[in-house]
Amino acid sequence: MLNNDEILQLQYVEKLKTIIEEKEKALGRKMTCQVTTFGCQMNARDSEKLLGILKKAGFVETESDDADFVIYNTCTVRDNANQRLYGRLGALKPYKKKNPNMKIGLCGCMMQEPTVIEKIKNSYGFVDLIFGTHNVFCFAELLCRMYESDSRIIDIWEKTDKIVEALPIDRKYSFKSGINIMFGCNNFCTYCIVPYVRGRERSRNPEDIIAEIKGLVDDGVVEIMLLGQNVNSYGKNLEDPISFAELLRRIEKIEGLERIRFMTSHPKDLSDELIDVMASSKKICDHIHLPLQSGSSRILKKMNRCYDKEQYLALVERIRAKIPDISITTDILMAFPGETDEDVEETVDVIRKVKFDNAFTFIYSKRTGTPAASMPDQLDEGTMQRHFDVVLKEVQESARERLKRFEGRTVPVLFEEVNDHDPEYIDARMTSNTVVHVKAPSSCIGKIMNVKLTEFHGFYYTGEIV
Ligand code: 5AD
Ligand code: SF4
């Protein structure tokens with residue numbers, strides 16, 4: 001059943017269609033659009049929604065920067081994403097001068113920061129549409145307002161308790177899909193801006209999630225990725241509370257669905273019930289993304305992560321006791337204020353003990369408004385880089401060591417896309433999320449088949465269909 005917002009927004013999509021039709025008539029050609037995504041999988045999913053509405057309204061997608069409508073879905077988790085956005089925006093200005101028809105939109109996490117809005121108003125006055133994370137579902141309505149008024153629209157909400165789905169979506173892959181199970185975050189890790197720009201935790205009803213997945217499966221999807229900032233606290237605040245493990249049990253029963261992934265898991269909320277469900281499941285992939293951030297209990301405390309080094313290691317042991325072969329990947333944030341060489345050694349120690357299959361390592365980026373930004377002992381750039389380099393080298397070595405275990409095995413892989421460098425190869429993925437390059441025709445894309453892992457290349461394999 002559609003809710004009132006969904007009904008209203010679908011009406012705006014229809015209205016937008018007539019606006020675009022008229023523009024096309026006047027121009028004597030189709031209107032083009034470009035959607036660019038910065039940041040995480042949640043943003044990637046939001047961008048599929050933006051593109052879904054644009055295409056439904058009649059736009060044709062293009063990769064080029066001179067499109068009639070360009071929208072950047074922004075990220076603000078680290079400052080380099082912000083800087084990249086300003087760079088891209090500056091480069092758009094000449095295109096807009098050439099094409100008086102061109103409109104530029106900005107949305108996503110960066111737009112929830114008042115200082116960013118001020119900067120855009122002052123220095124990038126040619127932007128036509130700005131909205132944030134809470135009203136992304138109003139995209140069709142906002143586009144109608146922008147075209148009808150022919151003036152700049154800025155509409156940022158401070159928060160929302162609405163959950164609006166069921167709008168058109170243009171999936172990047174026909175055979176796999178992300179699906180939001182919850183929005184926002186309540187954890188307030190002291191370095192992180194996400195709770196400020198994505199708001200408090202809200203879970204979708206399990207019935208809506210199941211219905212959406214069934215629809216996706218009917219449409220050819222075999223693998224889903226359940227998305228949330230902290231999936232382990234899914235369902236706690238619903239009227240009828242349900243655990244994430246129970247949600248997984250229900251999703252497992254969906255016929256035709258082959259693979260279930262999820263991210264991200266906060267170590268503090270990972271239950272034994274979830275480990276048991278993963279261990280007994282035939283569909284949940286043998287992979288868990290479990291951000292460590294730091295191996296030093298002292299730093300973890302300052303980060304407000306609510307676990308210490310020993311608890312993290314014990315959790316990994318509990319997981320591996322039930323699922324020995326599981327792939328564990330992580331995020332590590334180096335150079336947090338006050339981090340010493342001893343703290344770096346603690347992180348290295350955890351890396352050596354856990355042996356992650358993969359790790360994303362980041363240099364701490366100061367985010368205005370977060371508690372860490374006003375902590376003393378912010379490190380200088382040289383020290384930051386030194387700490388980062390130590391850990392990067394360590395995770396690369398340990399991942400290489402750990403990934404070797406698959407050599408010679410025959411495993412099922414999902415064929416995903418033609419390899420960028422050699423079109424005779426298809427990039428496929430094991431349930432561990434490890435990439436395998438397989439010589440195969442493109443007709444294999446979307447299928448799950450057994451391949452023998454013949455050669456290990458450090459962080460990926462080549463394999464042969466058996
Ligand atoms: N600086 C650097 N990295 C950060 N992350 C979150 N906030 C920051 C920050 N201020 C990293 C964390 C998180 C990942 C998505 O981004 O490691 O897990
Ligand atoms: Fe940020 Fe921590 Fe929430 Fe993750 S759990 S989004 S790092 S505040």
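All of the points below concern the structure found in this document.

### Observations regarding the overall build of the chain
(1) Moving on: Looking only at helices and strands, one finds 13 helices and 19 strands in the chain.
(2) Moving on: Relative to the compact-globule value of 23 Å for 466 residues, the chain shows a C-alpha radius of gyration of 23 Å, a close match.
(3) Moving on: Across its three principal axes, the chain shows a C-alpha extent of roughly 65 × 55 × 50 Å.
(4) Moving on: Looking at the 466 residues of the chain, the share that counts as buried comes to 57%.
(5) Moving on: Considering only intrachain contacts with a sequence separation of at least 6, the fraction spanning at least 24 residues in the chain is 74%.
(6) Moving on: Between the centroid of the 65 positive side chains of the chain and the centroid of its 72 negative side chains there is a distance of 1 Å.

### Looking at the site of ligand 2
(1) Moving on: The local shell around ligand 2 consists of Cys-185, Asn-187, Phe-188, Cys-189, Tyr-191, Cys-192, Val-194, Pro-195, Gln-229, His-266 and Arg-305.
(2) Moving on: Taken together, the residues of the shell around ligand 2 sort by class into seven nonpolar, three polar and one charged.

### A few points about the site of ligand 1
(1) Moving on: In the vicinity of ligand 1, the residues found are Val-77, Arg-78, Tyr-191, Gln-293, Asp-331, Leu-333, Phe-362, Ile-363, Tyr-364, Ser-365 and Arg-367.
(2) Moving on: Between an oxygen atom of ligand 1 and a side-chain N or O atom of Arg-78, the distance comes to 2.9 Å.
(3) Moving on: Gln-293 has a polar side-chain atom sitting 2.7 Å from an oxygen atom of ligand 1.
(4) Moving on: With the chains in place, 85% of the 400 Å² that ligand 1 exposes on its own is no longer accessible.
(5) Moving on: Looking at the shell around ligand 1, the elements that each hand over two or more residues are strand 13 (327-334) and strand 14 (358-363).
(6) Moving on: Across the shell around ligand 1, the residue classes tally to six nonpolar, two polar and three charged.

### Let's talk about the sheet that holds strand 18 (residues 448-456)
(1) Moving on: Taken in spatial order, the five strands close into a barrel running 15-16-17-19-18, and their pairing is mixed. Within the sheet, the average angular offset between the axes of one strand and its neighbour, ignoring direction, is 55°.
(2) Moving on: Across four bridges, the pairing between strand 15 (residues 410-418) and strand 16 (residues 425-429) is antiparallel. In the sheet register, Val-418 faces strand 16, and the bridge partner there is Ile-426.

### Digging into the state of the cysteines
(1) Moving on: In total, this model carries zero disulfides according to the counting rule given.
(2) Moving on: Lacking any disulfide linkage, Cys-40 is separated from the closest cysteine sulfur, that of Cys-109, by 6.5 Å.
(3) Moving on: Looking at Cys-75, it has no disulfide partner, and the nearest cysteine sulfur is the one in Cys-109, 6.2 Å off.

### Things to note about the packing of helix 1 (residues 4-27) against helix 5 (residues 139-149)
Each pair of packed helices can be summarised by the angle the axes make with each other and by the distance between the axes.
(1) Moving on: Relative to each other, helix 1 and helix 5 sit at 35°, their axes nearing to 8 Å. Of the two possible hands of crossing, helix 1 and helix 5 adopt the one that is left-handed. Here Gln-9, Tyr-12, Val-13, Lys-15, Leu-16, Ile-19, Ile-20 and Lys-23 of helix 1 lie close against helix 5, whose contacting residues are Phe-139, Ala-140, Glu-141, Leu-143, Cys-144, Tyr-147 and Glu-148.

### What about the sheet that holds strand 3 (residues 69-74)?
(1) Moving on: Pairing within the open sheet is parallel, and its six strands lie in the order 2-1-3-4-5-6. At either margin of the open sheet sits one strand with a lone partner, and together these are strand 2 (60-61) and strand 6 (153-155).
(2) Moving on: Across the sheet, helix 2 (residues 41-56) touches strand 1 (32-37), strand 2, strand 3, strand 4 (103-108) and strand 5 (129-131), and the angle it forms with strand 1 is around 175°.

### Some thoughts on the packing of aromatic side chains
(1) Moving on: As enumerated under the stated definition, the model contains 17 aromatic pairs in all.
(2) Moving on: Relative to Tyr-72, the ring of Phe-38 has its centre 6.0 Å away and its plane inclined at 85°; by these criteria the two rings are edge-to-face. In this pair, Phe-38 sits in the loop between strand 1 and helix 2 while Tyr-72 sits in strand 3, placing the two residues 34 residues apart along the sequence. In this structure, Phe-38 and Tyr-72 share a single accessibility class: buried.
(3) Moving on: With 5.4 Å between their ring centres and 80° between their planes, Phe-188 and Tyr-196 make a pair best called edge-to-face.
(4) Moving on: Linked through ring pairs, Phe-59, Phe-69, Phe-131 and Phe-139 together constitute an aromatic cluster.

### So, the pairing of strand 18
(1) Moving on: In the sheet, strand 15 pairs with strand 18 via five bridges, with the strands oriented antiparallel. Looking across to strand 18, one finds that Pro-412 is bridged to Asn-450.
(2) Moving on: Both strand 18 and strand 19 (residues 460-465) contribute to a ladder of five bridges, which runs antiparallel. Directly across from Phe-456, in strand 19, lies its bridge partner Tyr-461.
(3) Moving on: Count of turn residues in the strand 18/strand 19 antiparallel hairpin: three residues, of which Gly-458 carries a positive phi of about 95°.

Criteria and thresholds
Residues numbered from 1 in each chain as written. Chains lettered and ligands numbered in written order. Predicted model: local features only at pLDDT ≥ 70, side-chain atom pairs only at ≥ 80, totals over all residues. Heavy atoms only, no water. Helix = DSSP H or I, 4+ residues; strand = E, 2+ residues; numbered from the N terminus. Rg over C-alpha atoms; globule rule 2.2 N^0.38 Å. Buried < 20%, exposed > 50% of the residue type's maximum accessible area, 1.4 Å probe, protein only. Contact = heavy atoms within 4.5 Å. Lys, Arg positive; Asp, Glu negative; His and termini not counted. Charge placed at Lys NZ, Arg CZ, Asp CG, Glu CD. Near = heavy atom within 4 Å. Nonpolar A, V, L, I, M, F, W, Y, C, P; charged D, E, K, R; others polar. Polar contact = N/O pair within 3.5 Å; in protein donor to acceptor, adjacent residues only side chain to side chain. Areas by Shrake-Rupley, 256 points an atom, 1.4 Å probe, with all protein chains shown as cover. Pairing = 2+ DSSP bridges. Axes fitted to C-alpha atoms, helices over the stretch in contact; angles between N-to-C directions. Disulfide = S-S within 2.5 Å. Left-handed = near helix turned anticlockwise from the far one by under 90°. Phe/Tyr/Trp six-rings, centres within 6.5 Å; stacked < 30°, edge-to-face > 60°.

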